[in-house]
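Coordinate inspection notes
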Amino acid sequence: MKTSVCIVGGGPSGLLLSQLLHLQGIETVVLERQSREYVLSRIRAGVLERGFAALMRQAQCGERMDREGEVHDGFFIAHGGQQHRIDLHKFSGGSSVLVYGQTEVTRDLYAARDLLQGVVVHNAEDVQLHDLKSSTGTYVTYRQGDETLRIDCDYVVGADGFHGVSRKSIPRDVLREYEKVYPFGWLGVLSRTKPVSPELIYARHARGFALCSLRSQVLSRYYIQVPLTDRVEDWSDAAFWDELQRRLPSSIAGQLVTGPSIEKSIAPLRSYVAEPMRYGNLFLAGDAAHIVPPTGARGLNTAGSDVHYLYQALVAHYRKGDDTGLDRYSEQALARVWKAQRFSWWMTNLLHTYPDQPAYDQQLQATELAYLFSSEKAQAALVENYVGLPY
Ligand code: RFL
Ligand code: PHB
């Protein structure tokens with residue numbers, strides 16, 4: 001096979017880029033290691049910033065998102081038995097976020113790729129990238145069953161997530177890695193129950209962080225902070241609901257509707273950045289290059305900003321022979337990536353309980369919250385980041 005851009009990874013980053021490029025007449029092939037069913041069974045993000053939603057519309061994938069997604073103008077931070085509302089609308093000059101699940105985003109992107117007969121190869125095993133520095137001969141190989149196939153291309157986009165092969169194809173002496181691992185994870189539960197609050201609640205509690213989120217008015221998504229040593233099997237549904245209730249202000253806990261979990265999983269929290277995001281003809285995008293703890297709802301949204309920059313750069317290359325965007329991609333994407341890192345780290349520190357946290361740090365955390373609730377300027381800074389910094 002021959003194509004212009006070979007995209008490794010059929011998650012939201014890869015599919016969105018493929019769809020946007022196709023609409024500009026630029027050929028792509030997407031190679032995905034898993035089956036479509038598997039990709040669509042992963043429950044992840046829930047909050048989309050304005051820029052991401054705009055990209056979905058640009059990709060002609062915004063119709064169901066705009067119909068079924070919920071516009072949220074604010075969220076709550078609960079602390080010390082009280083809740084404080086953070087007004088997104090007021091402090092961002094009228095912006096908001098959309099609550100629409102990543103699973104639905106991915107489903108819409110697959111439907112759009114099908115409609116345009118975009119090439120998405122599933123169950124592509126042992127993907128390998130070759131001759132990334134070559135000016136004439138970059139290619140990708142993969143296996144399907146007993147057959148090894150080859151795709152010749154101008155560029156490879158590594159959109160294959162944190163555990164993918166693309167980042168690992170950059171030589172060790174070129175790649176710089178920055179990492180912070182947090183001493184806890186999030187245990188998440190999806191349940192077909194009425195959400196306890198129409199708006200998200202981020203709760204700080206001495207027993208640990210909790211988050212009340214939702215996918216719709218009949219589908220709830222809740223998370224609690226757990227030690228890294230916990231396993232999903234350790235948590236019965238009853239134990240989860242019990243612990244969640246203990247971490248919420250009593251007025252909210254009393255209204256919690258519980259039910260059987262549809263999905264239950266633990267995600268460790270990690271901050272990670274790989275630099276540069278380009279090596280020869282390879283460009284990294286999304287979780288392949290960076291990870292944030294989910295506290296600030298930045299992961300998918302930051303993947304979206306990478307896609308935005310890369311899309312613009314590739315269009316300029318193919319349409320006008322202008323390579324400035326491609327040459328600037330790594331620097332431009334990383335500038336925004338680091339701001340998302342800073343915000344996610346800050347929000348994680350604000351709301352989580354650290355094991356053996358020194359009394360001094362505990363006091364600072366309490367003061368940070370008190371300052372936030374007393375200062376409209378501090379709230380405006382939070383909001384500016386949460387609704388998404390401009391591209
Ligand atoms: P993905 O989604 O990991 O997709 C990568 C795809 O590449 C495939 N792959 C390979 N394919 C071929 N060959 C290989 N060798 C391959 N290796 C891997 C994989 O099968 C997969 O299909 O990365 P992408 O597209 O960059 O998307 C990133 C987002 O998924 C991620 O940032 C978000 O889910 C993070 N996140 C959130 N982000 C937000 O913006 N808002 C949120 O509210 C939010 N909540 C969350 C989150 C992530 C969470 N977890 C589980 C980490 C909540 C949670 C709990
Ligand atoms: C979610 O609904 O999965 C979600 C929402 C907000 C976050 C993280 C996850 O900050």
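Residues numbered from 1 in each chain as written. Chains lettered and ligands numbered in written order. Predicted model: local features only at pLDDT ≥ 70, side-chain atom pairs only at ≥ 80, totals over all residues. Heavy atoms only, no water.

If you tally the helices and strands in the protein, you get twelve helices and 20 strands. Since a compact globule built from 391 residues should have a radius of gyration of about 21 Å, the 21 Å found for the protein is in line with a globular shape. Taken along the three principal axes of its C-alpha coordinates, the protein extends 65 × 40 × 40 Å. The buried share of the protein, reckoned over its 391 residues, is 57%. Partitioning the intrachain contacts of the protein with sequence separation of at least 6 by distance along the chain shows that 72% fall at a separation of at least 24. When the accessible surface of the protein is summed, it comes to about 17000 Å², and 49% of that surface belongs to carbon and sulfur atoms. One way to put it: in the protein the 41 positive side-chain charges average out to a point 3 Å from where the 44 negative ones average out. (Helix = DSSP H or I, 4+ residues; strand = E, 2+ residues; numbered from the N terminus. Rg over C-alpha atoms; globule rule 2.2 N^0.38 Å. Buried < 20%, exposed > 50% of the residue type's maximum accessible area, 1.4 Å probe, protein only. Contact = heavy atoms within 4.5 Å. Areas by Shrake-Rupley, 256 points an atom, 1.4 Å probe, with all protein chains shown as cover. Lys, Arg positive; Asp, Glu negative; His and termini not counted. Charge placed at Lys NZ, Arg CZ, Asp CG, Glu CD.)

Time to look at empty space enclosed by the protein. Within the structure shown, the criterion is met by three cavities of 30 Å³ or more. If you add up the space inside the largest cavity, you get close to 60 Å³. Considering the residues around the largest cavity, the lining is formed by E49, R298, T302, R336, K339, A340, F343, N385, G388 and L389. With four residues, the single largest contributor to the lining of the largest cavity is helix α10 (residues 324–351). Of the residues that constitute the lining of the largest cavity, the class distribution is three nonpolar, three polar and four charged. Forming the boundary of the second largest cavity are P12, V39, R42, Q102, T103 and T106. Of the residues forming the lining of the second largest cavity, the biggest block, three residues, is contributed by helix α6 (residues 102–115). The class makeup of the residues in the lining of the second largest cavity is two nonpolar, three polar and one charged. (1 Å grid on protein atoms, 1.4 Å probe; cavity = no way out; pocket = protein on both sides within 12 Å on 5 of 7 lines; lining within 4 Å. Points joined across faces, edges and corners; volume = space filled by probe spheres on them. Nonpolar A, V, L, I, M, F, W, Y, C, P; charged D, E, K, R; others polar.)

What follows is about the sheet that holds strand β8 (residues 119–121). Ordered in space as β8-β2-β1-β12-β19-β18, the six strands form an open sheet in which the pairing is mixed. Whereas interior strands pair on both sides, the edge strands pair on one side only; in this sheet they are β8 and β18 (278–279). The pairing of strand β12 (residues 155–158) with strand β19 (residues 282–284) spans three bridges and is parallel. The partner of G158 across the bridge, within β19, is L284. (Pairing = 2+ DSSP bridges.)

A few words on unusual backbone geometry. Omega for the peptide link from E275 to P276 comes to -5°, which places this bond in the cis form. Residue position: P276 is located in the loop between β17 (261–275) and β18. The phi dihedral of D126 falls on the positive side, at around 50°, and the residue is not glycine. Using a relative accessible area of 44% as the deciding quantity, one classes D126 as partly exposed.

Under the domain assignment used here, the protein contains domain 1 (2–71 + 97–179 + 270–349) and domain 2 (182–269 + 353–386). Summarising the inter-unit geometry, the C-alpha centres of domain 1 and domain 2 are found 29 Å apart. Contacts between domain 1 and domain 2 engage 25 residues on the former and 23 residues on the latter. For the pair domain 1 and domain 2, the summed buried surface comes to about 2000 Å²; carbon and sulfur atoms form 59% of the total. On the domain 1 side of the interface with domain 2, the three residues burying the most area are I43, E70 and W346, jointly 26% of the side's total. Seen at the junction of domain 1 and domain 2, the total is zero salt bridges. (Domains from an automatic or database assignment. Buried area = accessible area lost by both parts, 1.4 Å probe. Salt bridge = Lys/Arg side-chain N within 4 Å of Asp/Glu carboxyl O.)

What follows covers the side chain of T295. Topologically, T295 is positioned in the loop between β20 (290–291) and α9 (299–320). A polar atom in the side chain of T295 sits 2.8 Å from the side chain of T348. Dropping the residues within four chain positions of it, T295 is found in contact with W186, Y202, F209, L269, M347, T348, L351 and H352. (Polar contact = N/O pair within 3.5 Å; in protein donor to acceptor, adjacent residues only side chain to side chain.)

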